[in-house]
Amino acid sequence: MNKYFSLLSKIHIHPIFWVLIAIGAMTAQFKALCILFSIVFIHEMGHAVCASFFSWRIKSIQLLPFGGAVEMEEHGNRPLKEDLFVVISGPIQHFWMQIAAWIFWEANFINDSTYEMFIFFNMSIFLFNLLPIWPLDGGKLLFILLSKQKPFSVAHKEMLRISAVVFSCLFLFLLFFNPTLLSGWIIAAFIVHSIYTEYKQRQFVYIRFLMERYYGNHQAFTVLKPIIVDRDDLIYHVLLKFQRGCKHPIIVEDDGKKLFQLDENELLHSFFSEKKTDGKMGDLQYVY
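- Under an unreviewed UniProt entry, the protein has the name Stage IV sporulation protein FB and belongs to Aeribacillus pallidus.
- Per UniProt, the protein carries the Cofactor (unreviewed entry) text "Zn(2+)".
- Recorded under Subcellular location (unreviewed entry), the UniProt text for the protein is reproduced unchanged: "Membrane".

Right, here's the structure in full:
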């Protein structure tokens, strides 16, 4: 139980939220701020409690006006089912919050205006977070779906590409229908920064995924998926073909004929421990 209470010490309010709090204070919107903060807090604690249940390493919990971000140290090597549960545990909170608000309204604990305000914020945050845009929950669900079918690096690139396209459409909608909405511009700026930063650090993300696979906690893989490569292929390019949830025997060929086979750990060892970062697969023929 203590590990769940310790999550409270990891909570940080993002500067964007402080800006909106300041705007709300200046416009006497205290009730709206309290409702918004409560919804965001419960949403993010849903993610954090679920991650803690699976013994994920949580660094921080950032609260944003439209959701938040729970920063982990897992780097894509936990089972996809765990990842799915952690992602959806945030949006799920909106259902029981909606039911609770209805009960309070029926019992006359809250008036009509408060109930309507809660419904608006609750549904807005729920639906917005399901958009397939990084780093929203919908973007993370998209990443999980793509990771199930494609290598980690490919899934990551496609997720960012789709995020950029969907966000561009959303931005054009905002620009055309409500260009003076300050909160919309603040959120748009945050998403642009998040997508750009994730794209700029994509190589670091891939290396971190591979390092965690080599040095970190090893999960029991249920899918065996061989990777067939040529002896002239670079070791790093072969590592970029690694997929989440799969164990990869590496089959090295020359002109379509099998030369030798490696376990994925041998390939990771040659890259990280033996520093063969620019080596070719054929260089490993007589090493293992």
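Read on, since the account is not over.
### Remarks on the domain arrangement of the protein
(1) Moving on: Annotation of the protein at the domain level lists domain 1 (1-130), domain 2 (135-218) and domain 3 (227-283).
(2) Moving on: A C-alpha centroid distance of 28 Å is found between domain 2 and domain 3.
(3) Moving on: Facing 16 residues of domain 2, the contacting portion of domain 3 comprises 17 residues.
(4) Moving on: Counting the surface lost from both domain 2 and domain 3, the interface buries some 1,400 Å², and carbon and sulfur atoms represent 58% of this.
(5) Moving on: Looking only at domain 2, the three residues that lose the most surface to domain 3 are L210, R213 and Y214, adding up to 45% of its buried area.
(6) Moving on: Between domain 2 and domain 3 we count one salt bridge in total.
(7) Moving on: On the surface where domain 2 and domain 3 come into contact, there are nine residue pairs in polar contact (both at pLDDT 80 or more).
(8) Moving on: Top contributing element to the side of domain 2 that touches domain 3 by residue count: helix α9 (residues 202-215), with nine residues.
(9) Moving on: Here the side of domain 2 that touches domain 3 is built from residues that sort into nine nonpolar, four polar and three charged.

### As for the environment of I133
(1) Moving on: Position of I133 among the secondary structure elements: in the loop between α5 (112-129) and α6 (137-149).
(2) Moving on: Through-space distance from the C-alpha of I133 to that of F41 is 21 Å; in sequence the pair is 92 residues apart.

### A word on the pattern of salt bridges
(1) Moving on: In the structure shown here, the tally under the stated rule is seven salt bridges.
(2) Moving on: A salt bridge links R244 to D83, with the shortest nitrogen-to-oxygen separation between them at 2.8 Å. Of this pair, R244 sits in the loop between α10 (235-239) and β6 (246-247) while D83 is found in helix α4 (residues 80-106), placing the two residues 161 residues apart along the sequence.
(3) Moving on: On the accessibility criterion, R244 (3% relative accessible area) is buried.
(4) Moving on: Between R213 and E264 there is a salt bridge, with the nearest N and O atoms lying 2.9 Å from each other. Taken together, the positions of R213 in helix α9 and E264 in helix α11 (residues 264-272) put the pair 51 residues apart, joining distant regions of the chain. Exposure class is identical for R213 and E264. Each is buried.

So, how was this worked out
Counting from 1, residues in each chain are numbered in the order their sequence is written. The predicted origin of the model limits local features to residues at a pLDDT of at least 70 and limits the giving and counting of side-chain atom pairs to 80 or more, whereas totals for whole chains, interfaces and linings rest on all residues. The basis for every side-chain value is the complete set of heavy atoms in the structure, and neither hydrogens nor water enter the calculation. UniProt positions are given in the numbering used here, feature names are shortened, and annotations may be inferred rather than shown by experiment. Residue ranges for the domains originate in an automatic or database domain assignment. The contact definition used throughout considers only heavy atoms, calling two residues in contact when any of these lie within 4.5 Å. When two parts are brought into contact, each loses some accessible area as probed by a 1.4 Å sphere; the total of that loss over both is the buried area. A pair is scored as a salt bridge if a Lys or Arg side-chain nitrogen falls within 4 Å of a carboxyl oxygen belonging to Asp or Glu. Here a polar contact means two N or O atoms within 3.5 Å. Within protein one must be a hydrogen donor candidate and the other an acceptor candidate, and residues neighboring in sequence count only if both atoms are side-chain atoms. A run of DSSP states H or I qualifies as a helix once it reaches four residues; a run of E qualifies as a strand once it reaches two. Both are numbered from the N-terminal end. For this classification, the nonpolar set comprises Ala, Val, Leu, Ile, Met, Phe, Trp, Tyr, Cys and Pro, the charged set comprises Asp, Glu, Lys and Arg, and every other residue, Gly included, is treated as polar. Burial classes: relative accessible area under 20% of the type maximum marks a residue as buried, over 50% as exposed, and values in between as partly exposed (1.4 Å probe, protein chains only).

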